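Here's the letter readout for the chains.
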Amino acid sequence: MAEEFQTEGCTEESCAGCAHASTCSSKKIEDFREPANEHAHIKKVIGVVSGKGGVGKSFVTASLARQLQQQGYSVGILDADVTGPSIPKMYGVHERAGGTEEGIFPCIAKDGTRIMSVNLMMEDEEAPVIWRGPIVAGVVKQFWTDVMWGDLDVLLVDMPPGTGDVPLTVFQSLPVDGVVIVTSPQDLVRMIVKKAYNMAKQMNIPVIGLVENYSYLKCPDCGKEIPVFGKSRIDEIAAELGTEVLGKMPIDAGLAQAVEEERFYDIENPYLKNVVERLL
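Small disclaimer: the values here were computed from a predicted structure and weren't measured.

Criteria and thresholds
In this numbering scheme, every chain counts its residues from 1 along its sequence in written order. In keeping with the model being predicted, local features are shown solely for residues with a pLDDT of at least 70 and side-chain atom pairs are shown and tallied solely at 80 or more, while totals for entire chains, interfaces and linings include all residues. Hydrogens and waters are ignored; side-chain quantities use all the structure's heavy atoms. Within this scheme, the nonpolar core is defined by two criteria: the residues are buried Ala, Val, Leu, Ile, Met, Phe, Trp, Tyr or Cys, and they are joined through side-chain atoms within 4.5 Å. Think of it in three bands: with a 1.4 Å probe and only protein chains considered, a residue is buried below 20% of the maximum accessible area for its type, exposed above 50%, and partly exposed in between. We call two residues in contact whenever any of their non-hydrogen atoms come within 4.5 Å of each other. Nitrogen and oxygen atoms within 3.5 Å of one another constitute a polar contact, given that in protein one can donate a hydrogen and the other can accept it, and given that sequence-neighbouring residues count only through two side-chain atoms. A run of DSSP states H or I qualifies as a helix once it reaches four residues; a run of E qualifies as a strand once it reaches two. Both are numbered from the N-terminal end. Using a grid of 1 Å spacing that covers the protein atoms alone, one calls a set of points a cavity when a 1.4 Å probe fits there but cannot get out, and a pocket when the set is open and has protein on both sides within 12 Å along at least five of seven lines; lining residues are those with an atom within 4 Å of a point. Grid points are joined across faces, edges and corners, and a volume is the space filled by probe spheres set on the points. Amino acids are sorted into nonpolar (Ala, Val, Leu, Ile, Met, Phe, Trp, Tyr, Cys and Pro), charged (Asp, Glu, Lys and Arg) and polar (every other residue, Gly among them). Only strands that DSSP links by at least two bridges are regarded as paired with each other. What counts as an axis is a line fitted to C-alpha atoms, over the stretch in contact for a helix, and the angles between N-to-C directions run from 0 to 180 degrees. A pair is scored as a salt bridge if a Lys or Arg side-chain nitrogen falls within 4 Å of a carboxyl oxygen belonging to Asp or Glu.

S.K.: What is the right way to read the nonpolar core from this model?
M.R.: Soluble globular proteins tend to bury their nonpolar side chains together. Ranked by internal contacts, the top residues of the largest apolar core, which has 79 residues, are L64, L78 and Y91. Setting aside chain neighbours within four positions, we find Y91 in contact with A62, A65, R66, I77, A109, D111, T113, I115, E262, F264 and Y265.

In structure tokens:
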């Protein structure tokens, strides 16, 4: 057990950013969660996180949304990856979001998935978002407080990679019920997964499980599974952390083509079929 101590000169204002906050005896337990828009009634909030970029986190988020939709659940996606938004394009959604004095309307994909992303707020969706961290975090918070999500069974939050401002804002401001950690079979995977896992645990957010993307490539001729990025260690990592593997997703040309053609709203992802019951 970590030794408890009080940091000299600590203040209520500095507590949230203090490296010793988790063990400080004078720390005040505060609830930083923001209320959702009055026109939003959401049963579950699930974060999709990764310790690094390039592991297909948005692809997994959209795949989970499709599984939920296909099983009859109402679902929304809050695209918190403000500087690298990709969810709207995957679904072929390009119109700008509208609103009233009561809030902002999410855009609705062809399969009924409700989506909010910074791309839906900009005149030019290809313009770069060159904002500092606090501004980005503030926009993500507004996607929770100002968007009229309506009645949702699950809101999936597609987070940016790492453990910076935005994940911290989401964990502190939204009533996150659990997170799914996305990774890939590479040498640094153990350290990367542990960073994401430990951040969730320090924020008292349950880890639902791990999803390994780019797990293998299936030969179209013989059906052999080829570990393109090396041998998978996800099972032993999950066992070490006391969590479970929710799925191993291969490099699938058909799914990749659906992304490029902006028709993710009509795909079926057979690699995450048993995940929905873990999310609810």
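That shown, we press on.
S.K.: Sorry, what's going on with helix α8 (residues 253-260) here?
M.R.: In an α-helix, one turn spans 3.6 residues; hence positions three or four apart end up facing the same way. Taking the backbone nitrogen of G254 as reference, a side-chain oxygen 2.8 Å away marks D252 as the first, capping residue of α8. Looking one or two residues beyond α8, the residue adopting positive phi is E262, at roughly 60°.

S.K.: Sorry, what's going on with the environment of D158 here?
M.R.: One can find D158 in strand β7 (residues 150-158). Taking C-alpha positions, D158 is 6.4 Å from D81, a pair spaced 77 residues apart along the chain. A distance of 2.5 Å separates a polar atom in the side chain of D158 from a polar atom in the side chain of S58.

S.K.: Sorry, what's going on with the side chain of Q67 here?
M.R.: Considering the arrangement of structural elements, one finds Q67 in helix α2 (residues 57-70). Within the structure, the side chain of Q67 is placed 2.6 Å from the backbone oxygen of N269, a separation counted as a polar contact.

S.K.: Even after reading the chapter, I still don't get the layout of surface pockets, so can you show me in this structure?
M.R.: Empty pockets left among the atoms are what a rolling probe the size of a water molecule brings to light. By volume, the second largest pocket amounts to about 360 Å³. For the lining of the second largest pocket, the secondary structure elements donating two or more residues are α2 and α8. Among the elements that make up the lining of the second largest pocket, the one with the highest residue count is α8 (four residues). Along the lines of polarity and charge, the residues of the lining of the second largest pocket split into 10 nonpolar, seven polar and five charged.

S.K.: What should I look at first to understand the sheet that holds strand β8 (residues 178-183) in this one?
M.R.: Backbone-to-backbone hydrogen bonds join strands into a sheet, with any given pair of strands oriented parallel or antiparallel. What the eight strands build is an open sheet, ordered β5-β6-β2-β7-β1-β8-β9-β12; its pairing is mixed. Two strands close off the open sheet at either side, each with one partner strand: β5 (107-108) and β12 (245-248). Relative to strand β6 (residues 114-116), β5 runs antiparallel, the two being bridged by two bridges. Bridging from a neighbouring strand, C107 pairs with I115 of β6. Set on the sheet, helix α7 (residues 234-241) makes contact with β8, β9 (207-212) and β12; between it and β12 the angle comes to about 170°.

S.K.: Looking at this structure, how should I read empty space enclosed by the protein?
M.R.: Tallying each qualifying case throughout the model produces one cavity of 30 Å³ or more. If you trace the largest cavity, you find it lined by V49, S50, P160, G162, T163, P167, F171, A196 and M199. Mapped onto the lining of the largest cavity, the elements with two or more residues apiece are α5 (165-173) and α6 (189-202).

S.K.: What is the right way to look at the pattern of salt bridges in this model?
M.R.: Note that side chains of opposite charge can pair when their charged atoms are close. Applying the stated rule across the entire model yields 14 salt bridges. Residues K194 and E240 are paired through a salt bridge, measuring 2.6 Å at the closest nitrogen-oxygen approach. Of this pair, K194 sits in helix α6 while E240 sits in helix α7; the two residues are 46 residues apart in sequence, bridging distant segments of the chain. A residue is classified by how much of its surface remains accessible, and K194, at 27% relative accessible area, is partly exposed. Since its relative accessible area comes to 44%, E240 is described here as partly exposed. The closest approach of N and O atoms between R278 and E277, which form a salt bridge, is 2.4 Å. Under the relative-accessibility criterion, R278 is labelled partly exposed at 34%. Overall, E277 belongs to the exposed group, its relative accessible area being 56%. The network of salt bridges with shared partners includes R190, K194, E236 and E240.

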